[in-house]
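Secondary and tertiary structure notes
Now for the letters of each chain:
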Amino acid sequence: MPDIFLTKKQTIAFEYLNDDTTKEVLFGSGAGSGKSFLGCLWVTTMCLKYAGVRYLIGRAVLTQLRLTTLRTLLETFKMVGLEAGKHYNYNQQTNIIVFENGSEIILKDMASTPSDPQMDSLGSLEITGAFLDEMTQISMMGYHIIKSRIRFKLNEYNLVGKLFMSCNPHQGYLKSEFYIPYIEDRLGSNKKFVMATAMDNPNLPVQYIETLNNLPQQQRERLLMGNWNYTQDINSLFDFDDIASSVFLHQPNPNDKKYISLDVSRFGSDRSVATVWVGLVVVQVYVYTKLSTTELSDEIRQLMMLHKVHPSNLIIDADGVGGGAADILRGVNFINNAGALHKQNFSNLKSQCYDKLSQMLKERKISINILDTSIVDDLTQELLAVKLKDIDKDNKVAVQSKDEMKKILGKSPDLADSIMMRMYYEIKNMNTTARYAIARI
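What counts and how
- Residues numbered from 1 in each chain as written.
- Predicted model: local features only at pLDDT ≥ 70, side-chain atom pairs only at ≥ 80, totals over all residues.
- Heavy atoms only, no water.
- Helix = DSSP H or I, 4+ residues; strand = E, 2+ residues; numbered from the N terminus.
- Polar contact = N/O pair within 3.5 Å; in protein donor to acceptor, adjacent residues only side chain to side chain.
- Contact = heavy atoms within 4.5 Å.
- Phe/Tyr/Trp six-rings, centres within 6.5 Å; stacked < 30°, edge-to-face > 60°.
- Buried < 20%, exposed > 50% of the residue type's maximum accessible area, 1.4 Å probe, protein only.
- Core = buried A, V, L, I, M, F, W, Y, C linked by side-chain atoms within 4.5 Å.
- Pairing = 2+ DSSP bridges.
- 1 Å grid on protein atoms, 1.4 Å probe; cavity = no way out; pocket = protein on both sides within 12 Å on 5 of 7 lines; lining within 4 Å.
- Points joined across faces, edges and corners; volume = space filled by probe spheres on them.
- Nonpolar A, V, L, I, M, F, W, Y, C, P; charged D, E, K, R; others polar.
- Axes fitted to C-alpha atoms, helices over the stretch in contact; angles between N-to-C directions.
- Left-handed = near helix turned anticlockwise from the far one by under 90°.
- Arc of directions from axis to C-beta.
- Salt bridge = Lys/Arg side-chain N within 4 Å of Asp/Glu carboxyl O.
- Parallel < 35°, antiparallel > 145°, perpendicular 65-115°, else oblique.

To continue, consider the side chain of aspartate 263. Residue position: aspartate 263 is located in strand β9 (residues 258–263). Separated by 3.3 Å, the side chains of aspartate 263 and lysine 402 make a polar contact. Contact partners of aspartate 263, with chain neighbours within four places excluded, come to Arg271, Ser272, Val273, Asp317, Lys402, Asp414, Asp417, Ser418 and Met421.

By the definition in use, this model includes 17 aromatic pairs. The interplanar angle of 80 degrees and the centroid separation of 6.4 Å between the aromatic rings of tyrosine 179 and phenylalanine 193 together place this pair among those described as edge-to-face. Here phenylalanine 193 lies in strand β8 (residues 191–194) and tyrosine 179 lies in helix α6 (residues 173–183), a separation of 14 residues in the sequence. Side by side, tyrosine 179 and phenylalanine 193 carry an identical accessibility label, which is buried. For the ring pair tyrosine 259 and tyrosine 425, a centre distance of 4.8 Å and an interplane angle of 50 degrees mean the geometry is tilted. Remark: tyrosine 425 occurs in helix α16 (residues 423–428) and tyrosine 259 occurs in strand β9; sequence separation between them is 166 residues.

For the rest of this paragraph, the subject is the nonpolar core. The nonpolar side chains of a soluble globular protein tend to be buried, and buried together. Core analysis: the largest hydrophobic core is formed by 63 residues, its most contacted members being Leu73, Ile105, Leu132, Met135 and Ile146. Counting residues per element, this core draws most heavily on helix α2 (residues 35–49), which supplies 8 residues. With residues near it in sequence (within four places) discarded, isoleucine 146 still touches Leu56, Met110, Leu122, Ile127, Ala130, Leu132 and Leu163. Residues Phe238, Val285, Ile419 and Ile427 belong to the second largest nonpolar core, which totals 40 residues.

Because side chains alternate across strand β6 (residues 129–132), one face comprises the buried residues Gly129 and Phe131, and the other comprises Ala130 and Leu132, equally buried. Of the pairings in the sheet, the one linking strand β2 (residues 54–59) to β6 comprises 4 bridges and is parallel in character. Across the sheet, residue isoleucine 57 finds its bridge partner in β6, namely phenylalanine 131. Here β6 pairs with strand β7 (residues 162–167) via 4 bridges, running parallel. By the bridge assignment for β7, glycine 129 is matched with lysine 162.

According to the stated counting rule, one finds 2 cavities of 30 Å³ or more in the structure shown. One number sums up the size of the largest cavity: a volume of about 50 Å³. Every residue lining the largest cavity is listed: Val273, Thr275, Val282, Val285, Ile368, Ile370, Ile375, Leu379, Leu415, Ser418 and Ile419. At the level of secondary structure, the elements contributing two or more residues to the lining of the largest cavity comprise β10 (272–278), β11 (281–288), α13 (373–384) and α15 (414–421). With 3 residues, α15 is the single largest residue contributor to the lining of the largest cavity. Class assignment for the residues of the lining of the largest cavity results in 9 nonpolar, 2 polar and no charged.

This part takes up the packing of helix α1 (residues 8–16) against α2. In contact at an axis separation of 11 Å, α1 and α2 are set at 35 degrees when each is read in the N-to-C sense. Pair α1 / α2 crosses with right-handed handedness. Contacts between α1 and α2 involve Gln10, Ala13 and Phe14 from the first element and Phe37, Leu38, Leu41, Trp42 and Thr45 from the second. Its residues placed into classes, the contact of α1 with α2 shows 6 nonpolar, 2 polar and no charged.

So, on to the sheet that holds strand β1 (residues 24–28). With mixed pairing, 8 strands are arranged side by side in an open sheet as β3-β4-β5-β2-β6-β7-β1-β8. Each end of this open sheet is capped by a strand with a single partner; those strands are β3 (88–91) and β8. Strand-to-strand twist across the sheet, computed as the mean angle between neighbouring axes with direction ignored, equals 15 degrees. In terms of strand pairing, strand β4 (residues 96–99) meets strand β5 (residues 104–109) through 3 bridges, oriented antiparallel. Paired with valine 98 across the two strands is glutamate 104, which belongs to β5. Of the strands in this sheet, β2, β3, β4, β5 and β6 touch helix α3 (residues 62–79), which is tilted by about 155 degrees from β5.

For the rest of this paragraph, the subject is helix α14 (residues 402–409). For α14, the complete set of buried residues consists of Lys402, Met405 and Leu409. Down the axis of α14, the buried side of the element spans an arc of 60 degrees, and every buried residue falls inside it. Residues of α14 that are buried make contact with α4 (140–148), α6, β9, α12 (349–362), α13 and α15. Phi turns positive one or two residues past the end of α14, at glycine 410, with a value near 80 degrees.

Applying the stated criterion across every chain yields a total of 20 salt bridges. With a shortest N-O distance of 2.8 Å, lysine 162 and aspartate 19 are connected by a salt bridge. Of this pair, lysine 162 sits in strand β7 while aspartate 19 sits in the loop between α1 and β1, placing them 143 residues apart in sequence. Overall, the relative accessible area of 5% leaves lysine 162 in the buried class.

Another point: the packing of α2 against α3. Between α2 and α3, the least distance of the axes is 9 Å, while the angle of their chain directions is 55 degrees. Classified by the interaxial angle, the pair formed by α2 and α3 is oblique. Between α2 and α3 lies a crossing whose hand is right-handed. Together, Ser36, Phe37, Cys40, Leu41 and Thr44 of α2 and Thr69, Thr72, Leu73, Thr76, Phe77 and Met79 of α3 make up the contact between the two elements. Its residues assigned to classes, the contact of α2 with α3 comprises 6 nonpolar, 5 polar and no charged.

Following this line, the structure appears as structure tokens:
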């Protein structure tokens, strides 16, 4: 194989991909860092070195994989002197590349579909390792399923099963799984995160850097600077700076009314979250798991007594199983898909309340006085995942559903929903029927 010169960051990642301890490597933080090439080079190297192994290259949509990652892979083959029909064969029907030594590369789409919501099509795979390109487009379920399929011929060659992933900054599960633990120096020995941007790649033309530098601020921060605390979507309803600025912004006024907003878990793995407010200041967040309706109701009754919250200031997510707790506690029922208050131009009450929350955070009216940084981090990620839906259509203003947010985050946005419900009282008490403008970032 001819000599191939890697950047410093690529070299660090390549060493992790060949050591005896690392199992997962996340590489990237910006465009132009050589992410896809590195993944393709690693997979090619392993297939040539070990006969009969099987590697997977995945991306959310197979068409995108063929148009982008596959092209990089075929260019990599040329760089190392491989010729189609002689050293390998690519079957476009099966999307499998077979080398002359029997090793294989499987090209696979990683999107869950209505016909396969649990991604069962991945269940029968046995692979030696995997490269998942553009992880921001792949669900947390896909990430975990692929990890569970890495076992083929590992014992035969005494290999460590490895998963290599490329990404740009992401406000979902990658941030909590890799970026935050990396920043806090608690990532663990079997996971590695290599932050690399276009400026770490001396092989890029100057014009490419200039193009990134001319992007709008949020895209520039994300794609050029590799800033994980900015989102790129104009659909995003919340801004990182607004959320960060709200932490311990105000002290609670003891004369203000006290509220509890309760989001009840829909499934066993979800959390029930009770947020205690003094006026517009969050003073406590309680998280409950695996409680029955009766047990949760008893806990909330105790909170109401402890914090002196009147039942009329207890708002409960009454959708689904939450209806049971609502019946017992007799607070105010919050129905996500109920009509917007004051006949404003929102598709439902949930969208109206999320918009109001965004507005009040921008106006620095809400303070999140929580000492537990893990809760603040989780809440930040959940709020940044709230997206407006169909903003290019002349419809009522709407946010994505809880299930859609769950796909982005890899978990249910229970903290964000609990905070959002408190806005019901602010909207209900408005003395106007006018339609206020949606907040844009």
